[in-house]
Amino acid sequence: MLRVLSWNINGIRSPLQGMIYEEPSNCAAMAVERILDKLDADIVCLQETKVTRDVLTEPLAIIEGYNSYFSFSRNRSGYSGVATFCKDSATPMAAEEGLSGLLATHNGDVGCYGNMDEFTQEELRALDSEGRALLTQHKIRTWEGKEKTLTLINVYCPHADAGKPERLSFKMRFYRLLQIRAEALLAAGSHVIILGDLNTAHRPIDHWDAVNLECFEEDPGRKWMDGLLSNLGCQAGSHVRPFIDSYRCFQPNQEGAFTCWSAVSGARHLNYGSRLDYVLGDRTLVIDTFQDSFRLPEVMGSDHCPVGAVLSVSSVPAKQCPPLCTRFLPEFAGTQLKIRRFLVCLKQDPVCKQSALRLSKQTQVQMHQNKARVRSTRPRPSQAGSSRGQKNLTSYFQPSSNRPQASPILELPSVGALMTPKTLEEEVMAKVVEGQASASEAKDEKEVRTSFWKSVLGGPLPMPLCGGHREPCVMRTVKKPGPNLGRHFYMCARPQGPPTDPSSRCNFFLWSRPS
């Protein structure tokens, strides 16, 4: 059996502290190793790793028993990124970063790019610059003993922000590039699995509030998925799409099968989310080899939950990892790096080279002249000592002779000697009275200090009660750009849920008064 799994982990360095299986760990690398062991999948595809190559550490990238492959964002740090961890028993024979082929090194790549003439080079470079796709190609063996090729496409598709229409266009172009590459691999004879965060809820059953969303069916992302996916019951013909949603193949009518929830609103508590994570297999592969498709909502640590599938095939590991494997990166290969690796040789024309050489010779001559001038003007030790001798350290502690001597101190009689002696009883009473007076003064001083700080720092006002449950609210801050940016408001503290559920958040809202 071959078990593949996908998970949007929302940051691989977190280090997934909410995972239920183990106690939180302070070491991200140890957490990732434990998680891989607990998930127990042959191939684990992670999305939204939020690491770039300069912050990737060896313990995080190289896990014992696995070989890993990373795709990084080229433009922003702490953004996007995908990674694939393969057990040594499922070592791929090829691996490649990106969908366009522009990031390929032509050594151990997957290949099969299809016709991409509709894209410009700048557009392809931009689509692959955010580290959203990673391909690994494996050799598998069926129960009949036939060996076949299986290509896994680990994707983290872009999110379409309503306030940024250009991101919707970017998302749809990424979808188009993904489909071209997947269909080209199918045409070349390889089986294909697309798994990851597609950032689109395909059908109304995959979204908690599809009924109240305007033009749900008309969303461009859902239309693209309609053209990519076919139902298992479709007969072979001209309208059969190449891929099948494996989860809906096994659970066609399962409601509430969500994989993503809002962490801010606590929507996971009431299962108020959407299904954005998929395992899509080509039609022949799903029908012939898929034994199960599942999700793991009990696994915490991210705003997504893992999804996966089980195939009735065995993996044939490659003898050597492809060059994209992180263990072959120079910083992890165990060889000392030289500073010349980080320098770029610039080509200079002869004129610039001669002028630079002439300038360097002039600089050297000037430096020699400056050294000679400084050497000639520097005083010699004998000359310096004749003008003013060096003082001894003890000379600073000898009394000066030109200072006037202090007059002798006259000893005056003590005050106690001038007073009449007290009896023992009077001394005890005096001490008691003095102690009571000091305690009263300290108490008065403490009360004055307390009342002062209470007048200055009034403390937080009590939270207002929400209208639906008469429970204390929570304060939130507006982060959306606009006239109310930075303002505070109160809302119901309960988790978000269906409007018909009385235990979910009510619609109470109140602006906070400025202090």
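Residues numbered from 1 in each chain as written. Predicted model: local features only at pLDDT ≥ 70, side-chain atom pairs only at ≥ 80, totals over all residues. Heavy atoms only, no water.

Under an unreviewed UniProt entry, the chain has the name DNA-(apurinic or apyrimidinic site) endonuclease and belongs to Zalophus californianus. Quoted verbatim from the Function (unreviewed entry) field of UniProt, the annotation for the chain is "Initiates repair of AP sites in DNA by catalyzing hydrolytic incision of the phosphodiester backbone immediately adjacent to the damage, generating a single-strand break with 5'-deoxyribose phosphate and 3'-hydroxyl ends." Heading Catalytic activity (unreviewed entry) of the UniProt record for the chain holds this comment: "Exonucleolytic cleavage in the 3'- to 5'-direction to yield nucleoside 5'-phosphates." (UniProt positions renumbered as here; feature names shortened; annotations may be inferred.)

Chemist: Before we move on, could you go through the nonpolar core and cite the residues and values that matter?
Modeler: Residues Leu 99, Ile 153, Val 155, Leu 178, Ile 194 and Leu 198 are the most contacted members of the largest nonpolar core, which totals 30 residues. Mapped by element, the contributors of at least two residues to this core are helix 3 (121-127), strand 6 (133-141), strand 7 (147-156), helix 4 (165-187), strand 8 (191-197), helix 5 (220-228) and strand 12 (277-282). Tallying contributions element by element places helix 4 first for this core, with eight residues. (Core = buried A, V, L, I, M, F, W, Y, C linked by side-chain atoms within 4.5 Å. Buried < 20%, exposed > 50% of the residue type's maximum accessible area, 1.4 Å probe, protein only. Helix = DSSP H or I, 4+ residues; strand = E, 2+ residues; numbered from the N terminus.)

Chemist: Tell me what's going on with the layout of surface pockets, and back it up with residues and numbers.
Modeler: Sizing a probe to match a water molecule and rolling it over the atoms shows the empty space that remains. Computed from the structure, the largest pocket encloses a volume of approximately 1,200 Å³. Residue lining of the largest pocket: 39 residues in total, with His 159, Ala 160, Asn 199, His 207 and Leu 276 positioned closest to the centre. (1 Å grid on protein atoms, 1.4 Å probe; cavity = no way out; pocket = protein on both sides within 12 Å on 5 of 7 lines; lining within 4 Å. Points joined across faces, edges and corners; volume = space filled by probe spheres on them.)

Chemist: Break down the pattern of salt bridges for me, citing the residues and quoting the values.
Modeler: Within this structure, the stated rule accounts for 18 salt bridges. The closest approach of N and O atoms between Arg 132 and Glu 130, which form a salt bridge, is 2.6 Å. The same class applies to Arg 132 as to Glu 130, namely buried. A salt bridge links Asp 219 to Arg 222, with the shortest nitrogen-to-oxygen separation between them at 3.7 Å. By relative accessible area, Asp 219 is classed as partly exposed at 24%. Relative accessible area serves as the criterion here: at 9%, Arg 222 is assigned to the buried category. The network of salt bridges with common partners includes Glu 118, Glu 123, Arg 173 and Arg 176. (Salt bridge = Lys/Arg side-chain N within 4 Å of Asp/Glu carboxyl O.)

Chemist: For the pairing of strand 12, give the residues involved together with the corresponding values.
Modeler: Counting buried positions over the six residues of strand 12 gives six, a clear majority of the element. Pairing between strand 8 and strand 12: five bridges, direction antiparallel. Within strand 12, the position partnered with Asp 197 by the bridge is Asp 277. Relative to strand 12, strand 9 (residues 243-245) runs antiparallel, the two being bridged by three bridges. Across the sheet, Phe 243 pairs through a bridge with Asp 282, a residue of strand 12. (Pairing = 2+ DSSP bridges.)

Chemist: Kindly report on the UniProt feature "site: Interaction with DNA substrate" (unreviewed entry) in the chain, identifying the contributing residues and their values.
Modeler: UniProt annotation of "site: Interaction with DNA substrate" (unreviewed entry) refers to His 304 when read in the numbering used here. Structurally, the position occupied by His 304 is in the loop between strand 13 (290-295) and strand 14 (307-311). Residue classification places His 304 among the buried positions, given a relative accessible area of 4%. When neighbours within four sequence positions are excluded, His 304 is seen to be in contact with Trp 7, Asn 8, Asp 197, Thr 259, Cys 260, Trp 261, Arg 268, Leu 276 and Asp 277. Here the side chain of His 304 touches Asp 277 through a polar contact of 2.8 Å, side chain to side chain. (Contact = heavy atoms within 4.5 Å. Polar contact = N/O pair within 3.5 Å; in protein donor to acceptor, adjacent residues only side chain to side chain.)

Chemist: How would you explain a nonpolar patch on the surface if you had to name every residue and give the values?
Modeler: Taken together, the side chains of Phe 452, Trp 453, Val 456 and Leu 457 define a hydrophobic patch exposed on the protein surface, amounting to about 450 Å² of accessible area. Along the chain, Phe 452 falls in helix 11 (residues 424-456). (Patch = residues over 30% accessible without salt bridge, like charges linked within 9 Å, V, L, I, M, F, W, Y side chains within 5 Å. Areas by Shrake-Rupley, 256 points an atom, 1.4 Å probe, with all protein chains shown as cover.)

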